[in-house]
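# A structural walkthrough
Read off the chains here:
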Amino acid sequence: MKDDKLTKEEVKLSKFISLVLRHKPEYINLELSNDGWANVYELIEKIKSKGKNIDEYILERIVLYNDKNRFNFNENHTLIRANQGHSINVDLQFEEKEPPEILFHGTSINNINSIKNKGIKKMNRLHVHLSLTEDIAKKVGERHGKPAIVKINAKQIYEDGIKFYLSENKVWLCDYVDAEYIFDIIL
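Before going into details, it helps to say that this report is about the structure given with it. (Residues numbered from 1 in each chain as written. Predicted model: local features only at pLDDT ≥ 70, side-chain atom pairs only at ≥ 80, totals over all residues. Heavy atoms only, no water.)

Further remarks concern the packing of aromatic side chains. What the rule picks out here adds up to two aromatic pairs. Between F16 and Y27, the aromatic rings sit 5.9 Å apart at their centres with planes inclined by 70 degrees, giving edge-to-face as the arrangement. One end of the pair, F16, is in helix α1 (residues 8–22); the other, Y27, is in the loop between α1 and β1 (38–39), with 11 residues separating them in the sequence. Its relative accessible area of 11% is what places F16 among the buried residues. (Phe/Tyr/Trp six-rings, centres within 6.5 Å; stacked < 30°, edge-to-face > 60°. Helix = DSSP H or I, 4+ residues; strand = E, 2+ residues; numbered from the N terminus. Buried < 20%, exposed > 50% of the residue type's maximum accessible area, 1.4 Å probe, protein only.)

Below you can see the structure in the form of structure tokens.
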């Protein structure tokens, strides 16, 4: 095993941590702060109570080498949180940022008709997720089936008053993308 590559077990554990920190902290009886932070030692102990093998070293590896850079620690590594993608109400205290002219949204081709008619909605998450490149959007779309990439006029959306934020792991976020701002759909 290379030191900078997660094992299959660590990847599974990463997905479990993502579920807990972004969607269901109650599954392991974990309390998150209003801004999404969890105590590292409490997280480890509560994950262990579910029969999973984890310690500080494994958690450090997951945060450092997760291919999606989903998590981060506070300065002294006593707190951890997910960078974005929450369906639970947390305030990640994002600062508003001006987006680049074009952004991309990766999805399944099954969602394209709805997107053409109703735009891109955040659904059960706190924000719509947009990518800086077509390649990243394609990888996101592949997780949902046959991928489709929606090319967005982010500059015009911003100029029309919609706020954008940039997460720690470089995912662009906004509340909604109306269908009128779609440049192109790449199947």
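If you check which residues of helix α2 (residues 40–48) are buried, you get V40, L43, I44, K46 and I47. For α2, the N-terminal cap is N39; the gap from its side-chain oxygen to the backbone nitrogen of Y41 is 2.8 Å. (Polar contact = N/O pair within 3.5 Å; in protein donor to acceptor, adjacent residues only side chain to side chain.)

The biggest cluster of nonpolar side chains holds 26 residues, and the ones touching the most others in it are I17, L21, L43, L59 and I80. Looking at this core, the elements that each hand over two or more residues are α1, α2, α3 (56–65), β2 (71–73) and β3 (79–82). A total of five residues in this core trace back to one element, the largest contributor, which is α1. With near-sequence residues (within four places) excluded, I80 lies in contact with L21, G36, W37, A38, V40, L43, L59, V63, F71, N72 and F73. (Core = buried A, V, L, I, M, F, W, Y, C linked by side-chain atoms within 4.5 Å. Contact = heavy atoms within 4.5 Å.)

Okay, the pairing of strand β7 (residues 147–153) next. Taken across its seven residues, β7 has six buried, putting it largely inside the fold. Two elements, strand β4 (residues 102–108) and β7, share seven bridges in a ladder whose sense is antiparallel. Across the sheet, the residue bridging to G106 is I149, located in β7. Note: β7 against strand β11 (residues 182–186), four bridges, orientation antiparallel. In the sheet register, K151 faces β11, and the bridge partner there is D184. (Pairing = 2+ DSSP bridges.)

For the rest of this paragraph, the subject is the sheet that holds β4. If you walk across this open sheet you meet the three strands as β4-β7-β11, and the pairing is antiparallel. This sheet does not close on itself; its edge strands, each paired only once, are β4 and β11. When strand polarity is set aside, the average angle formed by the axes of neighbouring strands in this sheet is 20 degrees. Along the sheet, helix α5 (residues 134–142) contacts β4, β7 and β11; its crossing angle with β4, the most-contacted strand, is approximately 20 degrees. (Axes fitted to C-alpha atoms, helices over the stretch in contact; angles between N-to-C directions.)

For any two helices packed against each other, the geometry is given by the interaxial angle and the distance between the axes. The geometry of α1 relative to α3 is characterised by a closest axis approach of 10 Å and an angle of 80 degrees between their N-to-C directions. Considered as vectors, α1 and α3 are oriented roughly perpendicular to each other. Between α1, through E10, L13, S14 and I17, and α3, the contact on the second element is made entirely by I58, L59, R61 and I62. Residues of the contact of α1 with α3, tallied by class, amount to five nonpolar, one polar and two charged. (Parallel < 35°, antiparallel > 145°, perpendicular 65-115°, else oblique. Nonpolar A, V, L, I, M, F, W, Y, C, P; charged D, E, K, R; others polar.)

A separate point is the sheet that holds β1. One open sheet holds the three strands; their spatial order is β1-β3-β2, and the pairing between them is antiparallel. With one partner strand each, in any of the chains shown, β1 and β2 form the two edges of the open sheet. Sheet topology places β2 next to β3; three bridges connect them, and they run antiparallel. Across the sheet, residue N72 finds its bridge partner in β3, namely R81. α3 contacts β2 and β3 of the sheet and is inclined by roughly 120 degrees relative to β2.

Function-wise, these values are silent; they only describe arrangement.
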